[in-house]
Amino acid sequence: MSSLLSTLVVLSVQALLVVCSPLQVLAVDNVNFSVYVENQTRGRDAMSRRQHRVYQLYSRTSGKHVQVMRRRISAKGDDGDKYAQLVVEADTFGSQVRIRGKETNFYLCMNRRGKLVGKKASNRSADCVFIEMVLENHYTALRSACYTGWYVGFNKRGRPRRGPQTLPNQQDVHFMKRLPPGEQPDLQPFRFTTLSKRKKRVRGTRPTATTAPR
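For the protein chain, an unreviewed UniProt entry supplies the name Fibroblast growth factor 18b and the organism Hucho hucho. What UniProt records for the protein chain under Sequence similarities (unreviewed entry) is the sentence "Belongs to the heparin-binding growth factors family." Annotation of the protein chain in UniProt includes, under Subcellular location (unreviewed entry), the sentence "Secreted".

In structure tokens, the structure reads:
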């Protein structure tokens, strides 16, 4: 009987420790979970399955699409241009991505001088990794994961801007994701229905009883 009681006491203590452990974590002052997420995002995730997406990046300033033409990068591509179709590979569980030209198989990279260049697919250097950010105006920005504060940007002529000259609030670094032609989802047209006014119901009159003549 005593052994049974001791076993129950041990199990109760273990259950209490399991319940209290997360409470102790939450009770720590100034716990910032965003820092933890950011640290995890910086690291590579070799266990998760990498996700590949194909789309175009429409530049807000040039009005054209980003092109990866081997070592040369520009934002002068028309909609559907073969050099404007990009394969975006998720590099971590967070928002780190690698962008590769579908036609040339070259990666979009940023060297230590802040210049956008294309590198071969066999090159897995860290300067080819970017952090995909969704801004408040719903545009997408690509920040270098290797060089803090440097963004992918283009001027009105579609020429690349150097990383040190870019800021997140500049239109030069704002992009819009677009699917290649022929891959847009087939959206059914929305049909509007008109509601007719309800007619007032006319209450039926009760039949009056008629007295038969005597």
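Once you've had a look at it, read on.
Participant: Explain the side chain of Gln-67 to me, please; I cannot follow it from the model alone.
Facilitator: Its location among the elements puts Gln-67 in strand E2 (residues 65-69). Engagement of the side chain of Gln-67 in a polar contact is seen with the backbone nitrogen of Gly-77, the distance being 3.5 Å. Separated by 3.0 Å, the side chains of Gln-67 and Asp-81 make a polar contact. In this view, Gln-67 contacts Arg-72, Ile-73, Ser-74, Lys-76, Gly-77, Asp-81, Tyr-83 and Ala-84; residues no more than four positions away in its chain are not counted.

Participant: I'm lost on the pattern of salt bridges in this one. Help?
Facilitator: Oppositely charged side chains can form a pair if their charged atoms are brought close together. Under the defined criterion, the tally for this structure stands at seven salt bridges. Between Arg-178 and Asp-79 there is a salt bridge whose closest N-O contact spans 3.5 Å. Residue Arg-178 is located in strand E10 (residues 175-178), and its partner Asp-79 is located in the loop between strand E3 (72-77) and strand E4 (86-90); the two are separated by 99 residues in the primary sequence. Looking at Arg-178, the relative accessible area reads 31%, which means it is partly exposed. On the basis of relative accessible area, Asp-79 is assigned to the partly exposed category, the value being 40%. Two residues, Asp-172 and Arg-161, come together in a salt bridge whose shortest N-O distance is 2.4 Å. With Asp-172 in the loop between strand E9 (140-144) and E10 and Arg-161 in the loop between E9 and E10, this pair connects stretches of sequence that are 11 residues apart. Classification of Arg-161 by relative accessible area gives partly exposed; the value is 21%.

Participant: For this particular structure, what's the right way to read the pairing of strand E7 (residues 116-120)?
Facilitator: For a regular strand, side chains alternate in direction, first toward one face of the sheet and then toward the other. Burial analysis of E7 places four of its five residues in the buried class, which makes it a mostly covered element. As judged from the five bridges shared by strand E6 (residues 106-110) and E7, these two strands associate in the antiparallel manner. In the sheet register, Met-110 faces E7, and the bridge partner there is Leu-116.

Participant: Please explain the nonpolar core as it appears in this structure.
Facilitator: Side chains of a nonpolar character, in soluble globular proteins, are inclined to be buried together. In this structure, Leu-57, Ile-99, Val-152 and Phe-154 are the most contacted members of the largest nonpolar core, which totals 20 residues. Those elements giving two or more residues to this core turn out to be strand E1 (52-59), E2, E3, E4, strand E5 (96-101) and E6. For this core, the element with the most residues is E6, which contributes three residues. Non-local contacts of Val-152, meaning those with residues more than four positions away in its chain, are made with Leu-108, Met-110, Leu-116, Phe-130, Leu-142, Asp-172, Val-173 and Phe-175.

Participant: Before we go on, may I ask you to explain the confidence of the model for the protein chain in this structure?
Facilitator: Reading fine detail from the predicted coordinates is not recommended where pLDDT is low. Taken residue by residue, the protein chain gives an average pLDDT of 79. The fraction at 70 or more is 60%. Between the elements of the protein chain, mean pLDDT differs from a low of 50, seen in helix H2 (residues 33-42), to a high of 97, seen in E2. Under a pLDDT of 50 for its full length, residues 21-29 has, in the predicted model, two contacts with residues more than four places off or in other chains. Contacts for the low-pLDDT stretch residues 45-49, under 50 throughout, to residues beyond four places or in other chains number four contacts.

Thresholds applied
The numbers attached to residues start from 1 for each chain and follow its sequence in the written order. Side-chain atom pairs in this predicted model are given and counted only at pLDDT of 80 or more, local residue features only at pLDDT of at least 70, and totals for whole chains, interfaces and linings cover all residues. Working from all heavy atoms in the structure, the side-chain values ignore hydrogens and water. UniProt positions are given in the numbering used here, feature names are shortened, and annotations may be inferred rather than shown by experiment. Elements are defined by DSSP. Helices are runs of H or I of four residues or more, strands are runs of E of two residues or more, and each kind is numbered from the N terminus. Any N or O atom pair separated by 3.5 Å or less is treated as a polar contact, with the protein-specific requirement of one donor-capable and one acceptor-capable atom, and with residues adjacent in sequence counted only for side-chain atom pairs. Whether two residues are in contact is decided by their heavy atoms: any pair within 4.5 Å suffices. The salt bridge criterion pairs a side-chain nitrogen of Lys or Arg with a carboxyl oxygen of Asp or Glu, the two atoms within 4 Å. Accessibility here uses a 1.4 Å probe with only protein chains present; expressed as a share of the type maximum, an area under 20% marks a residue as buried, one over 50% as exposed, and anything in between as partly exposed. Being paired, for any two strands, means DSSP has found at least two bridges between them. Note on terminology: a nonpolar core comprises buried Ala, Val, Leu, Ile, Met, Phe, Trp, Tyr and Cys residues joined through side-chain atoms within 4.5 Å. Looking at any residue, its pLDDT shows the predictor's confidence there, from 0 to 100.

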